[in-house]
Amino acid sequence: MRKRARVIYNPTSGREALKDDMIDILAVYEKAGYETSAYATTPEPNSARDEAYRVAKEGFDLIIAAGGDGTINQVVNGIAGLRHRPKMAIIPAGTTNDYARALRIPREDPVGAAKIVLKDQSIHMDIGKANDQYFINIAAGGLLTELTYDVPSQMKSLFGYLAYLVKGAELMPQIKPIQMDIKYDGGEFHGEASMFLLALTNSVGGFEQIVPDASLDDGKFTMIIVKSANMFEMMRLMTLVLNGGKHINDPKVIYRKTSKVVAKPVDNRMMINLDGEYGGDAPMTFKNLARHIEMVANLDEIPDDAVLGLPADVQKAEEKFIKAVEKLPEDEKNGKTE
Ligand SMILES: Nc1ncnc2c1ncn2[C@@H]1O[C@H](COP(=O)(O)OP(=O)(O)OP(=O)(O)O)[C@@H](O)[C@H]1O
């Protein structure tokens, strides 16, 4: 039987240009060997998610999420909990397109983005689970992230609103740190912080320097906690970000790799932002699901150190080996066995 693909596209996203290109897009996936059909999402809140779930259950081989990061998030939410998870591809048509940036998929050319499938390259991407929802790129909490809910949609990306903040001086008094308790692998933060952020890729709100060393398939989030900072300090940190990712060593910042995080507010409400949308209130447990979704990617263009490319079993074997070595007496670790 021929392989089957479904293009799930948002006819309202970004420039609304997808419809015009759909015949050419379908032809690309046919050429790649898939019997391909298209589904336009509807105004119902979860239509992309529900369609992705339906076709995955029917045994489709490939789902192409065409739209903004919101559409990709929904398709992932439709299939992430299933045993049979079709391969995914993305055709970016939103405003920020963080995910396409990380996978090096063309962002201005929908047919060109589809053609990446012809290279037959993919990455098994890590995704995040936040209580019972999934996210593909970012989870964040703290007052600074709450501001994003009030800003216009083109400023919705996590850091895109900084320009807006600079203009909107009336918002400055709202940038108050809150008390939070964040447990992560091997450590805990308890105190006042302006925000915390978990990233799965190096592409956060259009910036590639916020997480300069993200790996897409290492089973770990990059966690950033910005300790209590005022607006001036935030701007200083952003300057360090733009200056080659120097913020990661700043005393105001905790920067760690972790596979699990438990975030709790202390005497406050803490809203959580998942991939740029409100995702519920903390307490929340975040788990990294390693190498969970196979995504078509422009592998040639992705820096080598962003992809481990190891099958999960090899990775596990490596981890076991490292743990076993750690348990050895000091002499044996150094190669002395007598
Ligand atoms: N046919 C439709 N009519 C109205 N809204 C729709 C329709 N299809 C999907 N939506 C809504 O579009 C949103 C997802 O938008 P998506 O992320 O794809 O694009 P975007 O908002 O243009 O991109 P970005 O997030 O980068 O700004 C969801 O809230 C979804 O409910």
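Residues numbered from 1 in each chain as written. Predicted model: local features only at pLDDT ≥ 70, side-chain atom pairs only at ≥ 80, totals over all residues. Heavy atoms only, no water.

The cut-off we apply is this: UniProt positions are given in the numbering used here, feature names are shortened, and annotations may be inferred rather than shown by experiment.
Per an unreviewed UniProt entry, the chain carries the name Lipid kinase and comes from Paucilactobacillus vaccinostercus DSM 20634. Its UniProt record gives the chain the following Cofactor (unreviewed entry) comment, quoted word for word: "Mg(2+)". UniProt's Sequence similarities (unreviewed entry) comment on the chain is quoted here verbatim: "Belongs to the diacylglycerol/lipid kinase family."

### Here's the deal with the site of the ligand
Cut-off, in case you're wondering: Put simply, a residue is near a molecule or strand once any heavy atom of it comes within 4 Å of that molecule or strand. Here a polar contact is taken to be a pair of N or O atoms separated by no more than 3.5 Å, where protein atoms must pair a possible hydrogen donor with a possible acceptor and residues adjacent in sequence count only if both atoms sit in side chains. Per-residue accessibility takes into account occlusion by the displayed protein chains alone, with areas from the Shrake-Rupley method and a 1.4 Å probe. Each helix is a run of H or I in the DSSP string that is no shorter than four residues. Each strand is a run of E no shorter than two, and both are numbered from the N terminus.
As a matter of local geometry, the ligand sits amid 17 residues, with Gly 14, Thr 41, Gly 68, Thr 71 and Thr 95 nearest to it. In this structure, Thr 42 approaches the ligand through a main-chain N or O atom, which is 3.3 Å from a nitrogen atom. Within the contact set of the ligand, an oxygen atom lies 2.8 Å away from a backbone nitrogen or oxygen of Gly 68. In the complex, the protein chains occlude 68% of the 650 Å² of accessible area that the ligand would expose alone. At 3 residues, helix H3 (residues 69–79) tops the list of elements feeding residues into the shell around the ligand.

### Some thoughts on the packing of aromatic side chains
The test is simple: Under the pairing criterion, centres of Phe, Tyr and Trp rings, with the six-membered ring standing for Trp, must be within 6.5 Å; the plane angle then separates stacked pairs below 30 degrees from edge-to-face pairs above 60, leaving the rest tilted.
Taken as a whole, this structure holds 3 aromatic pairs when the rule is applied. Ring geometry for Phe 135 versus Phe 221: centroids 5.7 Å apart, planes at 10 degrees, classification stacked. Here the residue Phe 135 occupies a position in strand S6 (residues 133–135), and Phe 221 occupies one in strand S10 (residues 221–227), the gap between them amounting to 86 residues. Plain terms: the ring middles of Phe 196 and Phe 286 are 6.0 Å apart, the flat faces sit at 70 degrees to each other, and that makes the pair edge-to-face. Of this pair, Phe 196 sits in strand S9 (residues 187–199) while Phe 286 sits in strand S15 (residues 284–296), and the two are 90 residues apart along the sequence.

### Structural notes on the packing of helix H2 (residues 47–57) against H3
For any two helices packed against each other, one specifies the crossing angle of their axes together with the interaxial distance. Put simply, the rule is: Whenever a helix is involved, its axis is fitted only over the stretch in contact; in every case the axis is a line through C-alpha atoms, and angles between N-to-C directions fall within 0 to 180 degrees. Roughly parallel refers to an angle under 35 degrees, roughly antiparallel to one over 145, roughly perpendicular to one between 65 and 115, and oblique to any angle outside these ranges. Crossing handedness: left-handed means the near helix sits turned counterclockwise from the far one by under a right angle, and right-handed means the same turn made clockwise. By definition, residues are in contact when any of their heavy atoms lie within 4.5 Å. For this scheme, ten residues count as nonpolar: Ala, Val, Leu, Ile, Met, Phe, Trp, Tyr, Cys and Pro. Four count as charged, namely Asp, Glu, Lys and Arg, and the remainder, Gly too, count as polar.
Contact pair H2 / H3: the axes reach a minimum separation of 7 Å and the direction vectors enclose 40 degrees. Comparing the axis directions of H2 and H3 gives the class oblique. Relative to H3, the crossing made by H2 is right-handed. Packed against H2, whose contacting residues are Ser 47, Ala 48, Arg 49, Ala 52, Tyr 53 and Ala 56, the element H3 presents Thr 71, Gln 74, Val 75, Asn 77, Gly 78 and Ile 79 at the interface. Residues belonging to the contact of H2 with H3 are distributed by class as follows: 6 nonpolar, 5 polar and 1 charged.

### With respect to the pairing of S9
For clarity, the cut-off: Here, a strand pair is defined by DSSP locating no fewer than two bridges between the strands.
When strand S7 (residues 138–141) meets S9, the two strands line up antiparallel, connected through 4 bridges. Counterpart to Gly 141 in the pairing with S9 is Phe 196. Here strand S8 (residues 178–184) folds back onto S9 in antiparallel fashion, the turn holding 2 residues, of which Gly 186 has a positive phi close to 75 degrees. Examined bridge by bridge, S9 and S10 share 6 bridges and lie antiparallel to one another. By the bridge assignment for S10, Ala 199 is matched with Thr 222.

### Overview of the confidence of the model for the chain
Heads up, the condition is: A residue's pLDDT is simply how confident the predictor is in it, with values from 0 to 100.
Put simply, the chain has an average pLDDT of 84, and 80% of its residues get 70 or more. Predicted confidence is poor over residues 163–170, with pLDDT under 50, and the contacts of this stretch with residues over four places away or in other chains come to 12 contacts. Contacts for the low-pLDDT stretch residues 310–315, under 50 throughout, to residues beyond four places or in other chains number 9 contacts.

### Digging into the nonpolar core
The cut-off we apply is this: Put simply, a nonpolar core is a bunch of buried Ala, Val, Leu, Ile, Met, Phe, Trp, Tyr and Cys residues held in one set by side-chain atoms that sit within 4.5 Å of each other. Exposure categories follow from relative accessible area, calculated using a 1.4 Å probe and restricted to protein chains: below 20% of the type maximum is buried, above 50% is exposed, and the middle band is partly exposed.
The biggest cluster of nonpolar side chains holds 53 residues, and the ones touching the most others in it are Ile 25, Tyr 29, Met 88, Ile 90, Ile 91, Leu 103 and Met 295. Setting aside its immediate chain neighbours within four residues, Met 295 contacts Val 76, Met 88, Ile 90, Tyr 99, Leu 103, Gln 121, Ser 122, Ile 123 and Met 125. In terms of nonpolar packing, the next biggest core, distinct from the first, is built from 24 residues, Ala 130, Leu 200, Ile 225 and Ile 254 among them.

### Some details on H2
Quick reminder of the rule: It is the directions from the helix axis to the C-beta atoms whose arc is reported.
Those residues of H2 that fall on the buried side of the exposure criterion are Ser 47, Ala 48, Glu 51, Ala 52, Val 55 and Ala 56. For H2, the buried positions fall inside an angular range of 160 degrees around the axis, keeping them on one side. A positive phi of about 90 degrees marks Gly 59, the residue just after H2.

### Here's the deal with the environment of Leu 82
Mapping Leu 82 onto the fold places it in the loop between H3 and strand S4 (87–92). A relative accessible area of 14% means that Leu 82 is categorised as buried. Expressed as a C-alpha distance, the spacing of Leu 82 and Tyr 53, which sit 29 residues apart in the sequence, is 8.3 Å.

### Focus on the pattern of salt bridges
How we decide: When a carboxyl oxygen of Asp or Glu is within 4 Å of a side-chain nitrogen of Lys or Arg, the pair counts as a salt bridge.
Taken as a whole and judged by the stated rule, the model has 15 salt bridges. Here Lys 87 ties to Glu 294 by a salt bridge, and the two come within 3.9 Å at their closest N and O atoms. One end of the pair, Lys 87, is in strand S4; the other, Glu 294, is in strand S15, and 207 residues separate them in sequence. Salt bridges sharing common partners tie together Arg 4, Arg 6, Glu 51, Arg 54 and Glu 58.

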